[in-house]
Amino acid sequence: MGRMGRNETSYLDNNATTPVDPRVADQMRPYFADHFANPSSDHPAGRRAKAAVDRAAELLGELIGAASGDIVWTSGATESNNLAIKGVCEAYRDRGDHIITSRTEHRAVLDICEYLEAIGLRVTYLEPDATGRVAPAQVAEAIEDRTVLVTVMLANNEIGTLQPLAEIGRICKQRGVLLHTDAAQAVGKVRVNVEQLGADLASISAHKMYGPKGAGALYVRRRGPRVRPAAQIHGGGHQRGLRSGTLNVPGIVGLGAAAEIIASELADEQRRLTALRDRLYAGITAHVDDVRRNGHATKTLPNTLSLSFARIDAEALIGRLGGVAVSSASACSSTSEGPSHVLRAIGTPPEWINGTLRFSVGRFNTPDEIDRVVERLAGAVADLRELSAL
Ligand SMILES: Cc1ncc(COP(=O)(O)O)c(C=O)c1O
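Bringing empty space enclosed by the protein into the picture now. Gaps left between atoms show up when a probe the size of a water molecule is rolled over them. By the definition in use, this model includes four cavities of 30 Å³ or more. Quantified by volume, the largest cavity comes out at close to 130 Å³. Lining the largest cavity we find 17 residues, and of these Gly 188, Lys 189, Tyr 210, Glu 269 and Arg 363 sit closest to its centre. Residue classes in the lining of the largest cavity are distributed as seven nonpolar, five polar and five charged. Structurally, the lining of the largest cavity is a two-domain feature, drawing no fewer than three residues from each of domain 1 (10–20 + 266–389) and domain 2 (22–261).

Our focus in this paragraph is the environment of His 341. In this fold, His 341 is placed in helix H11 (residues 341–345). Exposure remark for His 341: the relative accessible area of 10% places this residue in the buried category. Spatially, the C-alpha atom of His 341 lies 9.2 Å from that of His 106, the residues being 235 residues apart in sequence. A polar contact of 2.7 Å, which involves the side chain of His 341, links it to the backbone oxygen of Glu 105.

Attention shifts here to the nonpolar core. If you look at the biggest cluster of nonpolar residues, it comprises 57 residues, and the most contacted ones within it are Ile 64, Trp 73, Val 150 and Met 209. The element that contributes the greatest number of residues to this core is helix H9 (residues 249–287), accounting for 10 residues. In this structure Met 209 touches Thr 18, Leu 63, Val 187, Ile 204, Leu 255, Ala 258, Ala 259 and Ile 262, once residues within four positions along its chain are discounted. In this structure, Leu 12, Leu 276, Leu 307 and Ile 370 belong to the second largest nonpolar core, which totals 26 residues.

Near the ligand there are 13 residues, and of these Thr 78, Asp 182, Ser 205, His 207 and Lys 208 occur at the shortest range. Contact between the ligand and Ala 77: an oxygen atom at 2.9 Å from a main-chain N or O atom of the residue. In this structure, a nitrogen atom belonging to the ligand sits 2.6 Å away from a side-chain N or O atom of Asp 182. Burial of the ligand by the surrounding chains reaches 90%, relative to a free accessible area of 390 Å². Here the shell around the ligand is built from residues that sort into four nonpolar, seven polar and two charged.

It is worth spelling out the domain arrangement of the chain at this point. When the domains of the chain are assigned, the result is domain 1 (10–20 + 266–389) and domain 2 (22–261). The C-alpha centroid of domain 2 is placed 28 Å from the C-alpha centroid of domain 1. Carbon and sulfur atoms make up 57% of the area that domain 1 and domain 2 hide from each other, which totals about 3100 Å². Scanning the region where domain 1 abuts domain 2 turns up zero salt bridges. If you look at where domain 1 meets domain 2, you find 17 residue pairs in polar contact (both at pLDDT 80 or more). Here the side of domain 1 that touches domain 2 gets four residues from one element, more than from any other, and that element is H11.

The rules we used
Residues numbered from 1 in each chain as written. Predicted model: local features only at pLDDT ≥ 70, side-chain atom pairs only at ≥ 80, totals over all residues. Heavy atoms only, no water. 1 Å grid on protein atoms, 1.4 Å probe; cavity = no way out; pocket = protein on both sides within 12 Å on 5 of 7 lines; lining within 4 Å. Points joined across faces, edges and corners; volume = space filled by probe spheres on them. Nonpolar A, V, L, I, M, F, W, Y, C, P; charged D, E, K, R; others polar. Domains from an automatic or database assignment. Helix = DSSP H or I, 4+ residues; strand = E, 2+ residues; numbered from the N terminus. Buried < 20%, exposed > 50% of the residue type's maximum accessible area, 1.4 Å probe, protein only. Polar contact = N/O pair within 3.5 Å; in protein donor to acceptor, adjacent residues only side chain to side chain. Core = buried A, V, L, I, M, F, W, Y, C linked by side-chain atoms within 4.5 Å. Contact = heavy atoms within 4.5 Å. Near = heavy atom within 4 Å. Areas by Shrake-Rupley, 256 points an atom, 1.4 Å probe, with all protein chains shown as cover. Buried area = accessible area lost by both parts, 1.4 Å probe. Salt bridge = Lys/Arg side-chain N within 4 Å of Asp/Glu carboxyl O.

As C-alpha cells, this is what we get:
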C-alpha cells in the first residue's frame, strides 16, 4: 500500500481478505503468551480469558443487534455456514427435507447444498435477475410444507449485490421457515441488524472485517423462535454443545476488536469506500472504452466494483498489472472452478466473463492510490488490446 513504485503493491482485493487492523492486532497480542489460559479453566487466569471472550461476544452482538449469548464462535464463515445449514437440516429433519437458496451463493453454501442433496434432501435454487437479486416473491413461491430453511446471502462477494433480506425474512417468519444468511461480505461494509433482517442464523468471518484469519462466528437466535442446530463438531461440549473445541482466544478477541472499530466508524467508512469505488469507476471509464459493470447500480456493497473489459483476458490483464492486487473471479475458493458461477447466473455472456475483474477497495486504500491504479490499468488494457489486434 502507499506509493506505487516498481516493487510496490496496491491492494484492491479486500473481498478476498483484509489485513488485520493494527488496532486489532494490539488487542490480540496479550492473549498469545500472557493471558494464554484456557477459558474453560476454573482459575483466575482461565476466568480472565473467559472474560475476554465474553466481552468479544458483547462487542460483536452490539454490532449486529444480537445478545452476546446468541454468538457461537467458529473458525470462519465456511464453518458457520456448515453449522447453520447442515445443523438445521439435521436437527429439524422430522419437520422437513427441503431448503431454498440462490444460484449466486458462495461455494461455502452451494457445496453444502450439494452435499445435502447427495444424502437425500431437496434444494431449490432461486434464479437471480440480471443484477444478481432474487425477488422475495420467488422465495414465497418456493416454500413448501416440508421446507425447513431458506439460506440467502446478504451481499455477494463477486459483484457486491445486496439481497432484499428483510423482505425475505418477513416471508419466512409468516410461513414458519428459518432464515440463514451468509453475512461474511456484508458485516463491516453495510449495517447489519439481525432483528431488522429477520435472520435466525447469520455467518460472520473475522478476516473479511480487518480481524484475523481462522476466526468467525455464527449468530443463532435463542428467542422467538429458539433455534438449535445440531452440532457439527463434537468434543468437549464447549459452547453449550453447539461447537466443541478449545476457544481460539486471540482470534475471538480480534473479532470483537474488529467489530468495535466497525461499530464506531461504519457511517464515515461507507462514505469513504463509496467515494473510492466511484473514483475508480469514473477513472476507468474515462480512460478505457468497452467496459461493462456487473451487479446492481445502487443495491450493492460500497466497496465492490465488478467490471468486464471487452477483448481482454482477465488473467493476462492481472499479469500486466504488476503490484495491483485484484481478482479475476471468486478468489475465495481455493480451487479454480472455471468461469464464475455468479456471472453465469446473472446471464453475463462468456466473452465478457473472461474479461472480468473484481476490484474491492478497503480501509487502507487512498484516492491517490486509486488514481495510480487507473493509470496502470488503462495502460495495460491498451497494450493487451493492441497486441490482440495485431
Ligand atoms: C460470501 C462468503 N461466504 C463465505 C466465505 C468463506 O469465509 P471463510 O474464509 O471465513 O471461511 C467467503 C470468503 O471466502 C465469502 O465471501
